[in-house]
Every structure is written in structure tokens, then in C-alpha cells.
Amino acid sequence: MAATKKKAAPRKAQAMRDSAPAAVIPEDRPIGTLMRLTLAKLRERLRDRLAAEGLPWGIWLFIRTLWEEDELTQRDLTTKVGLRQPTTVVAVRSMERLGLVRLKRDEQDRRKVYICLTEKGKKLREKLLPDVANLNNKVALRGFTAKESEELKRLLTKMHRNLGD
């Protein structure tokens, strides 16, 4: 019974946020502050969506990467996600416990272990990606023209280049 309440709570909180007026952030704030606050809102919404599926936030970047390229070694997954090895270990264990991935040892090099999506992990993509796309492309950009949306992407890409990789 408690598990049902955990899944229902994020959706209720989500509905409350959708109907509540957004806090106004003064435009004269530093760009870093505006970006941090905006990213925090996006993450909050994504966390709610993951929680509705019983998934922890910490696996998101990892499962998203595996959806793009399945059967990666732990080292390759760590590199692609851009986080540290211990973080990858925790995320992989969590995904394994949830039945989203399985580990497969390389036949030729027994030291290599591949992280492979299970059917459950693959099906999750079909369930989550449309909602994430909606959050990124419809909810976050509500009221933007197509031209403004493209300009925002262009400017953020330019800023990223300015700051280096």
C-alpha cells in the first residue's frame, strides 16, 4: 500500500505545480543564477516523473545513455556520462536491482563486464522519453516561438563553447 502512495504523491505534486503560478525570477539576475534556477526546475519535474515510475534520480543519465548505446563497459558508460567511476557503480547496482540492466562478462577478456539493458529497461524508454520530450519541448518552452526556441539553443551552445569543454 505504501508503494502506491509513493507513486501517487509525485503526480499530485506535479498537478499542484502545473496549476500554481510560477515564481517570478527577476531578469536582472546573473546568467549563472538564471540558468541554475531554470535547471533546478527542469530537474525537479524530471525527478517527479521518474519517481512516478519508482525510479531514483541517480540512474537517469546512465539509463538515458544506455538507450542511445546499449552494451557498454562500465568504463565506457562512465566516460559517456561524464561522471566518476564510483557514481557509475552505484547507478549500475541500482539499475540491476530494479531489473533494468544485467551484467555480461566478455568471453575473450573476462575482466570486461558489459552493462546491457533488459527488456524492462528497453520498454522504459518508450514510456519515459515522450514525457521527457514534452517537458523539454512543450512545457519548458511554452510561449516561445519556434524562432525563439532555436535562438535559445544557439545561444546556450555558444555559451558552452565559450566556457570550453
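Structure: see above.
Throughout, a residue's number is its position along its own chain's written sequence, starting from 1. For a predicted model such as this one, the threshold for reporting local features is a pLDDT of at least 70, and the threshold for listing and counting side-chain atom pairs is 80 or more; totals across whole chains, interfaces and linings nevertheless cover every residue. Where side-chain values are given, they derive from all heavy atoms of the structure, hydrogens and water being excluded.

A. Structural detail: the sheet that holds strand β3 (residues 113-117). One open sheet holds the three strands; their spatial order is β1-β3-β2, and the pairing between them is antiparallel. Of all the strands in the sheet, the pair left with one neighbour each is β1 (72-73) and β2 (101-105). In this structure, β1 lies alongside β3, joined through two bridges in antiparallel fashion. Within β3, the position partnered with Leu72 by the bridge is Ile115. Should any heavy atoms of two residues lie within 4.5 Å, those residues are considered in contact. To obtain each axis, a line is fitted to C-alpha atoms, and for helices this fit is confined to the stretch in contact; angles are then taken between N-to-C directions over 0 to 180 degrees. Only runs of H or I of at least four residues qualify as helices and only runs of E of at least two qualify as strands under DSSP, and these elements are numbered from the N terminus. The sheet strands contacting helix α5 (residues 85-97) are β2 and β3, and the helix crosses β2 at an angle near 110 degrees. Criterion used throughout: strands pair if DSSP finds at least two bridges between them.

B. Representation of the packing of helix α2 (residues 31-52) against helix α6 (residues 119-139). Between α2 and α6, the least distance of the axes is 11 Å, while the angle of their chain directions is 155 degrees. On the basis of their axis angle, the class for α2 and α6 is roughly antiparallel. Of the two possible hands of crossing, α2 and α6 adopt the one that is right-handed. Residues Leu42, Arg45, Leu46, Arg49 and Leu50 of α2 form the contact with α6, whose participating residues are Lys127, Leu128, Asp131, Val132, Leu135, Asn136 and Val139. Note on angle classes: values under 35 degrees are labelled roughly parallel, values over 145 roughly antiparallel, values of 65 to 115 roughly perpendicular, and the remainder oblique. Each crossing is labelled by how the near helix is turned from the far one, with a counterclockwise turn of less than a right angle marking it left-handed and a clockwise turn marking it right-handed.

C. Representation of the environment of Ala91 within the structure. On the secondary structure map, Ala91 appears in helix α5. For Ala91, the residues in contact, after removing those within four places along its chain, are Gly58, Ile59 and Phe62.

D. Up close: the environment of Asp131. With respect to the element layout, Asp131 can be found in helix α6. Any residue under 20% of the maximum accessible area for its type is buried, any over 50% is exposed, and the rest in between are partly exposed; the area is computed with a 1.4 Å probe on protein chains only. The class for Asp131 is partly exposed, based on a relative accessible area of 35%. For the pair Asp131 and Arg49, spaced 82 residues apart in sequence, the C-alpha separation works out to 8.1 Å. A distance of 2.4 Å separates a polar atom in the side chain of Asp131 from a polar atom in the side chain of Arg49. By the criterion applied in these results, polar contacts are pairs of N or O atoms within 3.5 Å in which, for protein atoms, one can donate a hydrogen and the other can accept it, and in which residues neighboring in sequence qualify only through two side-chain atoms.

Don't take any of this as a statement about function, it's just geometry.
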